[in-house]
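# Analysis of the macromolecular model
Here's the letter readout for the chains.
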Amino acid sequence: MKRTVRRRSSAWSYFEQVGANFVRCKKCDAELKYCGGATSTMISHMAAKHHVSIPLRSAARGSWSETPPSWRAPDTEEESAFNPEREPSERRRNKRSSVWDVFVKVDEEVHCKLCDTKLKYMSSTTSMMYHIKNKHTENPQNNSVAMPTQAQVTKLVTNMIEKDMFPISVVDGDGFRELLADIVHSYNVPSADEITRSIECHYQEKAADLRMQLATVEKVALTADFWTAMPSQKYMTVSCSFITEDWQGKSAVLHTHKLPSGGQLTAECVAEKLFSTTQAWMIAGKVPACVHNDKENIQLTQGVAQVTWNYVSCFATTLQLAVSDGLSEDVLQIISAAGRLVRHFSHSSPAAQALKEKQAQMCLPQHKLIRSNRARWDTVCDMFQCLLEQRWAIKAVLSDRTVTSKHEAQTLEIGDDCWQVMENFTPVLATLKWATTVISAETEVSISNIYPITFSLVQTHLVPKENDVEQVSSFKLAVQKSLRDHMEVDSSDLASNPALIASMLDPRHKHLNFLMPAGRLAAKVKLHELVSKLDASAASPKDEQLETEVTPDLSQTATARKPPSNTKNTMMLLLGDNYSSSYATDSEAQVDYYLRDIAPSLDINPLDWWRLNGPRFPKLASLAREYLCIPGVSLPSLLTDAGQSFAVMRTRLNPEHVNMMVFLNRNASI
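Here's what I pulled together on the structure shown here.

What counts, and where the lines are drawn
- Residues numbered from 1 in each chain as written.
- Predicted model: local features only at pLDDT ≥ 70, side-chain atom pairs only at ≥ 80, totals over all residues.
- Heavy atoms only, no water.
- Pairing = 2+ DSSP bridges.
- Helix = DSSP H or I, 4+ residues; strand = E, 2+ residues; numbered from the N terminus.
- Axes fitted to C-alpha atoms, helices over the stretch in contact; angles between N-to-C directions.
- Expected span 1.5 Å × (residues − 1).
- Buried < 20%, exposed > 50% of the residue type's maximum accessible area, 1.4 Å probe, protein only.
- Contact = heavy atoms within 4.5 Å.
- Phe/Tyr/Trp six-rings, centres within 6.5 Å; stacked < 30°, edge-to-face > 60°.

### Focus: the sheet that holds strand E2 (residues 22–25)
What the 3 strands build is an open sheet, ordered E1-E2-E3; its pairing is antiparallel. Strand pairing shows two members of the sheet lacking a second neighbour, strand E1 (15–18) and strand E3 (31–33), which therefore form its edges. Here the average twist between neighbouring strands, direction ignored, is 35°. Where E1 and E2 come together, 4 bridges link them in antiparallel fashion.

Below, the structure written as structure tokens:
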């Protein structure tokens, strides 16, 4: 009788025995319990975890042969890869688990990059997969971690450069490349040339969209912002503002011109840059005015033949000049002393810590001291307000000899008379700051507020009071005089100023109560004159239809209608069907009816008012689009954090990319 041996299960092709009671999977290093020669657990593991089907022994499982049968040929590619009889060099290399994109191995542990969780590593990725599935649900299913694609990461890098206005060469930096390599595995950082081409394509798309918008609007106001980058390179950024068909105010940057460096900038050069911009964007005949922040360079361009628009000074710049004119030597010394005090607490850690303790003891707000900036006079107001708030805490620290030496205290101490000046000075500066904040609001119509605010400052807030100290009275008079000169408050031709015309077309200010009767009459005459010019031009079909309805031909009406049967119908025949209509059709009637209408409250948006009432005053609505689109300040505002941040970021740009980068940064929302 032949001796036979028991047939061995093919499951052992994928497992090896570890000790007496455990087996380890050769594919994933998972350890399973092994009892009495049963392989069902191993077969189930291969089917569930690795999708490998291992057939059970057939009915002939009790048959015996003299030698073990040859191994079954692998059914799948995956089986073939793990066949132990194949040479190691022939086996297919295992695919690296995607969990290693989220985890990093440190000694005998693995650390999650997303949440810093530490797990024990036992040659298996199962615990890491469970962690990702349970703790980071934003990742896709099936125990896989989806990483951004090459295109997605490149787009994010491009957006970062556009939003933060980084030099494009930042992508060539070693530190930047190491950062991306550590965060996004297998990502090939594109070169600066590739990023430049991507940004150029985005610029072309944005420019095409903006050009389509400008083609649909009636009037487009310009702003010219002159600024300087390092090293002493001058630029002029030309922007535009307009009102859409549905009375939405919008603004956008058009072009940033590189100006000649060295020497005096000529009026012809500025005019040529502005005119070329209007030509390139096809808005040459649509520009009513240009707002600027450089009176010296702009003033002479009005004599250039190409210039057909008015010029309006940036109100923030005008107010900056007026405040500078009002700061006397005594006030500047007080500002300097206050700055030294703030600088001491900023640089001395013991003094800063002592100030915090004194603030807590005195139940004062835990505010840090603010230091003024020479380029921004509004920071003087902030510095004075903060010092006055923390005055007694500061004095307590300066009198504490364990923190401040006697010599330091004598140098830093501010006299009571100076504190009095600061106390009187702060409300005046705060009023001027509020005025600039209102004018600088990007979401509101601003030009119509210029003269109401100017006259309010000149006639009320800058009038010296009896209890004002000498320095404050002198400051008020000096700023008042400077504003009168710069804003031409006493000019006989004030009614022709675009800002005053805009005030008349703003329903909140149309009564011009801040002017004398003679000034209001001159402004009304000017408004009638502007409406008459519209009449001289070709009237729209809608206006012609309205005027025809108001003054019907009596002969044609008599033949078309039956003889009137009563007095009421006779009056309608003689005076017209629209006699009692609220829609004014005659030009002069439109102006008179508009001025007699009740003024709305100051908190309404004039564009919303015109959206509802434009059909009542079609000619005035056309003028409103022309003048209310003019901004009150140039871009960016001098007294906003966003404007200051943008002003700093643009100075670090490569001159070759300034125009493109400024355009994309400021027009991100278009």
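Let's pick the thread back up.
### Details of helix H12 (residues 378–389)
An ideal rise of 1.5 Å per residue puts 16 Å on 12 residues; H12 measures up with 17 Å between its terminal C-alpha atoms. Burial analysis of H12 places 9 of its 12 residues in the buried class, the great majority of the element. Along H12, the residues classified as buried are Asp378, Thr379, Val380, Cys381, Asp382, Met383, Phe384, Cys386 and Leu387. The inward-facing, buried residues of H12 abut helix H10 (329–347), helix H13 (391–398) and helix H15 (416–440).

### Digging into the sheet that holds strand E8 (residues 233–243)
Note on sheets: strands pair through backbone hydrogen bonds, and any given pair is parallel or antiparallel. In spatial order, the strands read E9-E8-E7-E10-E11; together these 5 strands make up an open sheet with mixed pairing. Of all strands in the sheet, those with a lone pairing partner are strand E9 (249–258) and strand E11 (310–313), marking the two edges. Put simply, the sheet's adjacent strands are angled 25° from each other on average, direction ignored. Pairing between E8 and E9: 9 bridges, direction antiparallel. Of the residues in E9, the one forming a bridge with Cys240 is Ala252.

### Description of the packing of aromatic side chains
For the coordinates displayed, the defined rule picks out 16 aromatic pairs. Relative to Phe663, the ring of Trp281 lies with its centre 6.1 Å away and its plane at 20°, an arrangement referred to as stacked. Residue Trp281 is located in the loop between helix H7 (267–280) and strand E10 (289–292), and its partner Phe663 is located in helix H27 (residues 658–666); the two are separated by 382 residues in the primary sequence. No difference in accessibility class separates Trp281 from Phe663, as the two residues are buried. Between Tyr594 and Trp609 the ring centres are 6.0 Å apart and the planes differ by 65°, which places this aromatic pair in the edge-to-face class. Separated by 15 residues along the polypeptide, Tyr594 in helix H23 (residues 587–596) and Trp609 in helix H24 (residues 606–613) bring together distant segments of the chain.

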